[in-house]
Each structure stands twice: as C-alpha cells, then as structure tokens.
Amino acid sequence: MTYSVIRVRATPGASRSGHMGGVVVVAGIAVAAWISFGRHLFGIGGDLTIIYAATLGVIFAALLVFTGLAVRRTARRGFETRAITYVFFLASGVIGLLLGLTLPDSTPRGLQTIISGPTQPALDIAIGIANPLGVIGIATAIIALVLSIRDSRGRITLVESWGDEDDGARVDPA
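Everything numeric here is computed off the predicted structure, so don't read it as measured data. (Residues numbered from 1 in each chain as written. Predicted model: local features only at pLDDT ≥ 70, side-chain atom pairs only at ≥ 80, totals over all residues. Heavy atoms only, no water.)

Draft legend 1. Examining the overall build of the chain more closely. Along its length, the chain carries four helices and four strands. Along the chain direction, N to C, the helices and strands of the chain fall in the order β-α-α-α-β-β-α-β. Across the 174 residues that make up the chain, the buried fraction comes to 37%. Of the contacts formed within the chain by residues at least 6 apart in sequence, a portion of 79% connects residues at least 24 apart. (Helix = DSSP H or I, 4+ residues; strand = E, 2+ residues; numbered from the N terminus. Buried < 20%, exposed > 50% of the residue type's maximum accessible area, 1.4 Å probe, protein only. Contact = heavy atoms within 4.5 Å.)

Draft legend 2. Structural context of the confidence of the model for the chain. The predicted model of the chain has a mean per-residue pLDDT of 85, with 80% of residues at 70 or higher. Summarising per-element confidence for the chain, the mean pLDDT is lowest in strand 1 (residues 2-8) (63) and highest in helix 3 (residues 83-102) (95). (pLDDT = per-residue confidence, 0-100.)

Draft legend 3. Representation of the nonpolar core in the model. Of all hydrophobic cores here, the largest spans 19 residues; its most connected members are I35, L56, F60, L64, L99 and L103. If you list the elements that add at least two residues to this core, you get helix 1 (19-37), helix 2 (49-76), helix 3 and helix 4 (122-152). Here this core gets six residues from one element, more than from any other, and that element is helix 4. Apart from residues lying up to four places away in sequence, L56 is in contact with I35, L99, L103 and I138. (Core = buried A, V, L, I, M, F, W, Y, C linked by side-chain atoms within 4.5 Å.)

Draft legend 4. Local environment of the environment of S92. Along the chain, S92 falls in helix 3. Between the alpha carbons of S92 and A141 there is a distance of 5.4 Å; along the sequence they are 49 residues apart. Those residues in contact with S92 that sit more than four places away from it in its chain are F60, L64, G137, T140 and A141.

Draft legend 5. Seen up close, the packing of helix 1 against helix 2. Packing of helix 1 against helix 2 brings their axes to within 8 Å, and their N-to-C directions diverge by 170°. Here helix 2 runs roughly antiparallel to helix 1, going by the angle between their axes. Taken together, the residues of the contact of helix 1 with helix 2 sort by class into 17 nonpolar, seven polar and one charged. (Axes fitted to C-alpha atoms, helices over the stretch in contact; angles between N-to-C directions. Parallel < 35°, antiparallel > 145°, perpendicular 65-115°, else oblique. Nonpolar A, V, L, I, M, F, W, Y, C, P; charged D, E, K, R; others polar.)

Draft legend 6. Just helix 2, in detail. A rise of 1.5 Å per residue sets the reference length of helix 2, with its 28 residues, at 40 Å; its end C-alpha atoms lie 37 Å apart and thus fit the reference within 8%. Considering bend angle alone, the principal kink of helix 2 is centred on G57 and spans about 35°. (Expected span 1.5 Å × (residues − 1). Bend = angle between axes of the 7 residues up to and from the residue.)

Draft legend 7. Layout of the pattern of salt bridges. All told, the structure shown has two salt bridges when counted by the stated rule. One salt bridge connects D105 with R39, and the closest N-O pair in it is separated by 3.1 Å. Of this pair, D105 sits in strand 2 (residues 105-107) while R39 is found in the loop between helix 1 and helix 2, placing the two residues 66 residues apart along the sequence. R39 shares its class with D105; the two are buried. One salt bridge connects R82 with D151, and the closest N-O pair in it is separated by 2.6 Å. Of this pair, R82 sits in the loop between helix 2 and helix 3 while D151 sits in helix 4, and the two are 69 residues apart along the sequence. Take D151: its relative accessible area is 5%, and that puts it in the buried class. (Salt bridge = Lys/Arg side-chain N within 4 Å of Asp/Glu carboxyl O.)

Draft legend 8. Fine view of helix 3. With 20 residues, helix 3 should reach 28 Å at 1.5 Å per residue; the first-to-last C-alpha distance of 29 Å fits that figure. Along helix 3, the positions that sit buried rather than exposed are T85, F89, S92, G93, I95, G96, L99, G100 and T102. Lining the buried residues of helix 3 we find helix 1, helix 2 and helix 4.

Set out below in structure tokens:
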C-alpha cells in the first residue's frame, strides 16, 4: 500500500474576488482603533492612549490585518476559509471591543474606564478584567492568523493506493 499527499481545491479553478478578506482587514483596523482611541469618544482619553496605541493597537492591527490578507489570498487561490477561522477572528474582535471598554486611562480625575468611570469598586473590577481580555484577545488573533494561513495553502488529502508494484521487485531465491 502506498500513500501520496495531494492538495485539493474546494472549487477547482474558480478563484473568487476576496471581498471577505477586505472586510476582515477593515474590521481589524476598526478593532485596533477602538482599543487605542475609543476612550476619547467618551471624553476620558488621557496619557495612556499613546502607550495603548503603540502596543495593543499595533499588535491587534498587525494580527488582524495579516489574517484578512490571508483570507483574501485563500479566496483568490480558489480555496475555502474554514468556519473555525472566522470564529476565532470574530472572538478576537469581540474580545477587543470588550477590552476597549475596560482599559483604564489616566485623566485629571484619576483612572477611568468607559464602563465604570472613576467609581469604585467598578473601576477595580474593570481593570482586573482588562488584562485577561488582552491576553485572550491576542491569543485568539494569533490562532485566527495561523488558521487563515493554513487555509490559504489548501486542504491536504491523503490518498491510498493498493498496488502490487512492490511484489514485482521480489526475486525468488530458488
């Protein structure tokens, strides 16, 4: 028995435009902008905005934009993007939106978040939730990127063949 590996196109020869990849890119930039500058929409932007933009905003933007480009490449090559890839992308986006709500910023009234303002204990709870949201959001964005790159390479299928080609090579010692 011999095995061979082949790449299979989901829709042979039919490449698509890749509009969904463009949607993913735009959504990724929007999530990164929300994380970086969303507090300014509520009048509580402060000194930490530059730090958030240079760290979390850049990381989320890079991961989600590259995910969108891989989704676009997948469609243009005629392969399918699996649903699990979109699930991880959406999870990262939703977690990014929640992160933007709970990130504290330094204002003249002290630390504030969008959902708590300066009031205690809501402020401490929001700050406590922000760190795990950031870690989980980046992790899901990385998973979405890896899955989208795998999707862009196509599906691999293992093909078995039953043949007697090895039997002809045997020589009878008699």
